[in-house]
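What follows is each chain in one-letter form.
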Amino acid sequence: MKYLIAGLGNIGPEYELTRHNIGFLVLDQLADQHKATFTTDRLAEKADFKFKGRSIHLIKPTTYMNLSGKAIAYWLQDLKIPKENLLVIVDDLALPFGSLRMRTRGSSAGHNGLKNIEQLLSGQDYPRLRFGIGNDFGKGQQVDFVLSNFSQDEFKQLPEVINKANEMVLSFCTIGAERTMNHFNK
């Protein structure tokens, strides 16, 4: 069984620790834990490892957030991975900081990265792990908020939440989306 785990974010040091890059941060830790190294490949930074007999392929699209679907569509086809074995890790303003929710489908909710994936995969029926970043910003400040660094307090909590996100990723790859959602979504 093969799985494609796509963490969404933007390339470049200026975005490295921003809220919008949580997908990249989750995959960086997952790769470290499994001694996998990212290398630049077609449209993405890519790393692979085996876990309980599964081949897990991690990608961090280098297309910038708004064109994430381009990299995901390419790697799904190249690796011959069915859409139900794709998991997209994305920041979510609608969830309080640190909340994690897995879904097997859903709307983009205005997220440009998800809109692009939806467009290129012809639908909303692909699994995603929504990582809550909160919505502590004033009117018209959404872009500044998602592209800003985590607060000091959030930064302290981040390792624990990222660990839980990685548990959910590995659970998705071993017992499937439904059982993972039943176990982790509260």
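Counting from 1, residues in each chain are numbered in the order their sequence is written. Local features in this predicted model are restricted to residues of pLDDT 70 or higher, and side-chain atom pairs are both shown and tallied only at a pLDDT of 80 or more, whereas totals for entire chains, interfaces and linings draw on every residue. Side-chain metrics rest on all non-hydrogen atoms present in the structure, leaving aside hydrogens and water.

Trainee: Would you explain the environment of Met181 in this entry?
Mentor: Secondary structure counts use DSSP, requiring at least four H or I residues in a row for a helix and at least two E residues in a row for a strand, with both numbered from the N terminus. Among the structural elements, Met181 can be located in helix H6 (residues 177-184). On a C-alpha basis, the gap between Met181 and Thr104 in space is 9.1 Å, while along the polypeptide they are 77 residues apart. Contact between two residues is taken to exist if any of their heavy atoms lie within 4.5 Å; hydrogens are not considered. Excluding residues within four positions of it along the chain, Met181 makes contact with Met102, Arg103 and Thr104.

Trainee: Even after reading the chapter, I still don't get helix H3 (residues 112-120), so can you show me in this structure?
Mentor: Since the α-helix advances by 3.6 residues per turn, residues separated by three or four positions end up pointing in the same direction. Note on exposure labels: buried denotes an accessible area under 20% of the residue type's maximum, exposed denotes more than 50%, and partly exposed covers the range between, all computed with a 1.4 Å probe on protein chains only. Of all the residues in H3, the buried ones are Gly113, Leu114, Asn116, Ile117 and Glu118. Structurally, H3 contributes buried residues whose contacts are with helix H2 (68-79), strand E5 (86-92) and strand E7 (128-132). Note on H3: the residue one or two positions beyond its end, Ser122, has a positive phi of about 55 degrees.

Trainee: Looking at this model, I keep getting lost on the packing of H2 against H3. Mind explaining?
Mentor: For any two helices packed against each other, one specifies the crossing angle of their axes together with the interaxial distance. For helices, the fitted axis covers only the stretch in contact; all axes are lines through C-alpha atoms, and the angles between them, taken along N-to-C directions, range from 0 to 180 degrees. In contact at an axis separation of 7 Å, H2 and H3 are set at 40 degrees when each is read in the N-to-C sense. Comparing the axis directions of H2 and H3 gives the class oblique. For the pair H2 and H3, the crossing hand works out as right-handed. Contacts from Ser68, Gly69, Lys70, Ile72 and Ala73 of H2 reach H3 at Gly113, Asn116, Ile117 and Leu120. An angle below 35 degrees is treated as roughly parallel, one above 145 as roughly antiparallel, one from 65 to 115 as roughly perpendicular, and anything else as oblique. Left-handed describes a crossing whose near helix is turned anticlockwise from the far helix by less than a right angle; the clockwise case is right-handed.

Trainee: Can you help me understand the sheet that holds E7 in this one?
Mentor: The pairing of strands in a sheet comes from backbone hydrogen bonds and takes either a parallel or an antiparallel form. By definition, two strands form a pair when at least two bridges between them are found by DSSP. Ordered by their spatial adjacency, seven strands build an open sheet running E2-E3-E4-E1-E5-E7-E6, and the pairing between neighbours is mixed. Single-partner strands in this sheet number two, and they are strand E2 (39-41) and strand E6 (100-103). Here the strands of the sheet are splayed against their neighbours by 25 degrees on average, with no regard to which way each runs. The pairing of strand E3 (residues 44-51) with strand E4 (residues 54-61) spans eight bridges and is antiparallel. Of the residues in E4, the one forming a bridge with Glu45 is Lys60.

Trainee: Please clarify how the side chain of Asn116 should be interpreted in this entry.
Mentor: Its place among the elements puts Asn116 in helix H3. Judged by its relative accessible area of 9%, Asn116 is buried. Residues in contact with Asn116, not counting those within four places in the same chain, are Asn66, Leu67, Ser68, Gly69 and Lys70.

Trainee: Hey, could you run me through the pattern of salt bridges in this one?
Mentor: A side chain of one charge can pair with a side chain of the opposite charge if their charged atoms are brought near each other. Salt bridges are defined by distance alone: a side-chain nitrogen of Lys or Arg within 4 Å of a carboxyl oxygen of Asp or Glu. Per the counting criterion, the structure on display carries five salt bridges. Here Arg19 and Glu154 are joined by a salt bridge, their closest N and O atoms 2.8 Å apart. Taken together, the positions of Arg19 in the loop between strand E1 (2-7) and helix H1 (22-33) and Glu154 in helix H5 (residues 152-175) put the pair 135 residues apart, joining distant regions of the chain. Just as Arg19 is buried, Glu154 falls in that class too.

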